[in-house]
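# Observations on the three-dimensional arrangement
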Amino acid sequence: MIDSHCHLDLPEFEPDWQDVLSSAVTQGVERILIPGTTVSGWQRQHDMAADNVQLDVAFGLHPYFFPDDPQDALASLRKQLQTTMIKPVAIGEIGVDGAIDTPLKAQQALFEAQLEVASEQSLPVILHHRRSHHLLLESIKRSRFTHGGVIHAFSGSEQVARQYIDAGFKLGIGGTITYSRAQKTRQTVANIPLQHLLLETDAPDMPMSGRQGARNEPQFIGEVVAALADLHGIAPEVVTEQTTANYFALFGSRTQCK
Ligand SMILES: [Zn+2]
């Protein structure tokens, strides 16, 4: 199993992230991708990955932590990509968040600038959405972005899912589908072929059903596999095998830069 979206670098994991990682490995998690959020966070991700071969990293500017000076932050991103010893597997987490105060126009501009960086590097992207599918799809189209990626924590209709798939994206599937009340997303995920899906926890957020109120961890990703297997009426092993293949097809294998 691969956790394609886990914020293992956040303060919630600071005291025990190495234990969290080994518990995940014990439960059969072979890789974890840590998406980037802020300029100051990239170095920590980098150092964690340098010491642990199971970790992949992406660098990017998360809309939720919108930088004070976007141009300066973009220059830092380009510099990070030039100087890093660990090659990132993607640019992310980037996108538009429709539930925060930062003007949507400014968010969309920073998002499109990062799509451009991803194009320059021939890297896929990790997308963040909240009430913003129409804006993300509009930007992808306008930027003529062709390197694909993943729409993280996908929720929405089958029609929206198909638009991302047509644009070359996979859908990141996490704890949402473990809740029986998430009927719309469960129905969508049941109708989308497995080849378009990736597993994720979004830990420490998005706890699985039955674990509300507790910190989410990558070791629980088997519960997403079980829910997916159930929705598709197939064996959990098939889900694991296909989503792992999807991950490597999209992100490749990690390589040292120097
Ligand atoms: Zn995230």
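Here's a quick rundown of the structure. No experiment lies behind these values; they were computed from the predicted model shown.

Applying the stated criterion to the full structure yields nine salt bridges. With a closest N to O distance of 3.0 Å, Asp-97 and Arg-130 form a salt bridge. Of the two residues, Asp-97 sits in strand β4 (residues 90–97) while Arg-130 sits in strand β5 (residues 125–130), which places them 33 residues apart along the sequence. When salt bridges that share partners are traced, they join Asp-16, Arg-215 and Glu-217 into one network.

Here the zinc ion is held by the protein donor atoms His-5 (NE2), His-7 (NE2) and Glu-93 (OE), which lie 2.1 Å from it. Counting gaps between the donor residues of the zinc ion yields the pattern H-x1-H-x85-E. Comparing His-5 with His-7, the two get one shared label, buried.

Turning our eyes to something else, we now look at helix α1 (residues 17–26). Taken as a whole, α1 has its buried residues at Trp-17, Val-20, Leu-21 and Ala-24. For α1, the angular spread of buried residues about the axis comes to 100°, placing them on one side. Exposed residues on α1 whose side chains face more than 90 degrees from its buried face are Asp-19 and Thr-26. Lining the buried residues of α1 we find β2 (31–34), α2 (39–51) and β3 (55–59). Where α1 terminates, the next one or two residues include Gly-28, which has phi positive at roughly 100°.

The element β5 is largely enclosed, with a buried count of five among its six residues. Sheet analysis places β4 next to β5, joined by six bridges and oriented parallel. Within β5, the residue paired with Gly-95 across the bridge is His-128. With helix α4 (residues 104–121) bridging β4 and its parallel neighbour β5, the resulting β-α-β unit is right-handed. Pairing geometry for β5 and strand β6 (residues 149–151), over three bridges, is parallel. Its bridge partner being in β6, Ile-126 is matched across the sheet by Val-150. Considered for its hand, the β-α-β crossover made up of β5, helix α5 (residues 133–142) and β6 is right-handed.

Attention now moves to the side chain of Asp-3. Topologically, Asp-3 is positioned in strand β1 (residues 2–3). Within the buried set, Asp-3 has no salt-bridge partner at all; the shortest N-O distance to an opposite charge, 11 Å, is to Arg-31. Beyond its immediate sequence surroundings of up to four residues, Asp-3 is in contact with Val-29, Arg-31, Ile-32, Leu-33, Leu-199, Glu-200, Thr-201, Asp-202, Pro-218 and Ile-221.

Definitions and limits used
- Going along each chain's sequence as written, the residues are numbered from 1 onward.
- The predicted nature of this model means local features are confined to residues of pLDDT at least 70 and side-chain atom pairs, given and counted, to a pLDDT of 80 or more, with totals for whole chains, interfaces and linings taken over all residues.
- Hydrogens and water molecules were not included; the side-chain quantities draw on all heavy atoms of the structure.
- Salt bridges are identified by distance alone: a Lys or Arg side-chain nitrogen within 4 Å of an Asp or Glu carboxyl oxygen.
- Per the convention used, a helix needs a DSSP run of H or I reaching at least four residues, while a strand needs a run of E reaching at least two, with both numbered from the N terminus.
- Each metal site lists N, O and S donors within 2.8 Å (3.2 Å for Na, K and Ca). With water left out of the atoms, a site can look as if it is missing ligands.
- Each residue is placed in one exposure class: buried if its accessible area under a 1.4 Å probe, protein chains only, is under 20% of its type's maximum, exposed if it is over 50%, and partly exposed if it falls in between.
- As used here, the arc is the angular range of directions from the helix axis to the C-beta atoms.
- Note on contacts: a residue pair is in contact if any heavy atoms of the two residues lie within 4.5 Å.
- Strands qualify as paired when DSSP identifies two bridges or more between them.
- Whether a crossover is right-handed depends on one test, that the path from the first strand over the helix to the second runs clockwise when the strands point away from the viewer.
- Charge counting treats Lys and Arg as positive and Asp and Glu as negative, with His and both chain ends excluded.

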